[in-house]
Amino acid sequence: MRIFALQTDKQKIIRRFCHDHEGESVVYFTHYHGLSFLFRALKDVLYTIAIIAIGALAIFLNLHVGWTFGILGGIWFFFIFINLMKIYIDWRYDFIVVTTDKVILVDQTFLFKQQIMPIHIENIGGISTFTQFWDIFPFGGMFIHLKEGLGGKDIEIRYVPRSQALAGKISDVVTRYQRHNYQKELSARE
C-alpha cells in the first residue's frame, strides 16, 4: 500500500531496483534493530509519563477535568504522538538490501519523505564496522566507503543487526564483482 511517499510493500521497492532478468538477485536483507526505535522514542515516553502525572495532579487539585485533559491531550497529540509515529515509520519501513549488483538503503522518514539510495558495487571502495553501546546489544554500525559519487564520502549506518555479517556479505559481493571484471579484462586482452 502506498500513502503519499510511504510505500509499505517492501517487495515493490526491491523489485524496482533489483533486476532479476539481468541476473541480479538479492543476497542479504535486513531491517534496523528494534532498539533503535526504543532509544529514539524514550524521550517521548518520558514526556508522556510527565503529561500523565500533570493530569493526575490536576485531578487531585480538582481542576476542570474537561479543559485539563483537552489541553493535555492536544499537547500530547501534536507534540508527542506525531513524533512517535514519525519515529515508528522511520524505523519500521527503513531497510537495507544487498544484491549482486548494488546495496540499496531505504530511508522512509515519514509519510511525505522517502529516500532510496542504490549504491552500485563498483562505487564501493570498502566496508568497515564499529560497535555501539560497548557491543552489549546484537547490533552495530558500519561505514560504506565510496570511491566516487557523493564526493567519495563515507555513508554511516547505525543500529544494523549483525553488522559484521552484513559487512561480510557486502565485501563478498564487491570481491566477486571485481574478480568477474578482472576475468573479463583478461579475456578481452587474449
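Right above here is the structure, for reference.
To keep things clear, this report deals only with the structure shown in the data block.

1. Concerning a positive patch on the surface
Part 1: Judged by side-chain charge, Arg-2, Lys-12, Arg-15 and Arg-16 come together as a positively charged surface patch.
Part 2: Relative to the helices and strands, Lys-12 is located in helix α1 (residues 10-17).

2. Regarding the pattern of salt bridges
Part 1: This structure, assessed with the given rule, holds four salt bridges.
Part 2: In this structure, Lys-102 and Glu-24 form a salt bridge, with 3.0 Å as the shortest nitrogen-oxygen distance. Within this pair, whereas Lys-102 is found in strand β5 (residues 102-110), its partner Glu-24 is found in the loop between α1 and β3 (26-31), the two being separated by 78 residues in sequence.
Part 3: For Lys-102, a relative accessible area of 6% gives the class buried.
Part 4: On the basis of relative accessibility, which here comes to 2%, the residue Glu-24 falls in the buried class.

3. Topic: helix α4 (residues 163-189)
Part 1: Its 27 residues place the ends of α4 39 Å apart at the C-alpha level, agreeing with the 39 Å of an ideal helix rising 1.5 Å per residue.
Part 2: Those residues of α4 that sit buried are Ser-163, Leu-166, Ala-167, Ile-170, Val-173 and Val-174.
Part 3: Packed against the buried residues of α4 are β3, β4 (95-99), β5, β7 (124-131), β8 (139-146) and β9 (154-161).

4. Some words on helix α2 (residues 34-60)
Part 1: Taking 1.5 Å per residue as the helical rise, α2 with its 27 residues ought to reach 39 Å, and the 37 Å between its terminal C-alpha atoms agrees with that figure.
Part 2: Within α2, the axis deviates most sharply at Ala-41, by approximately 45°.
Part 3: Within the sequence span of α2, burial applies to Leu-35, Ser-36, Ala-41, Asp-44, Thr-48, Ile-51, Gly-55 and Ala-58.
Part 4: Residues of α2 that are buried in the fold lie against α3 (65-92), β8 and β9.
Part 5: Downstream of α2 by a residue or two, Asn-62 has a phi angle that is positive, lying close to 60°.

Criteria and cut-off values
- Note on numbering: residues in each chain are counted from 1, in written sequence order.
- This being a predicted model, a pLDDT of at least 70 is required before a residue's local features are given, and a value of 80 or more before pairs of side-chain atoms are given or counted; all residues contribute to the totals for chains, interfaces and linings.
- The side-chain values count all of the structure's non-hydrogen atoms but skip hydrogen atoms and water molecules.
- Patches draw on residues past 30% relative accessible area with no salt bridge. Two like charges within 9 Å are joined, as are two nonpolar side chains (Val, Leu, Ile, Met, Phe, Trp, Tyr) within 5 Å.
- Only the protein chains shown count as cover for residues, and the accessible areas themselves come from Shrake-Rupley with a 1.4 Å probe.
- Throughout this description, the term salt bridge denotes a Lys or Arg side-chain nitrogen within 4 Å of a carboxyl oxygen of Asp or Glu.
- Charge assignment: positive for Lys and Arg, negative for Asp and Glu; neither His nor the chain ends contribute.
- In this description, the location of a charge corresponds to atom NZ of lysine, CZ of arginine, CG of aspartate or CD of glutamate.
- Strands are runs of DSSP state E lasting at least two residues, helices are runs of H or I lasting at least four, and both sets are numbered from the N terminus onward.
- Buried means the residue's accessible area, taken with a 1.4 Å probe over protein chains only, is under 20% of the maximum for its type, while exposed means over 50%, and partly exposed covers the values in between.
- Given the number of residues in a helix, its expected span is that number minus one, multiplied by 1.5 Å.
- The contact definition used throughout considers only heavy atoms, calling two residues in contact when any of these lie within 4.5 Å.
- Bend, in this description, refers to the angle at a residue between axes fitted to the seven residues ending there and the seven starting there.

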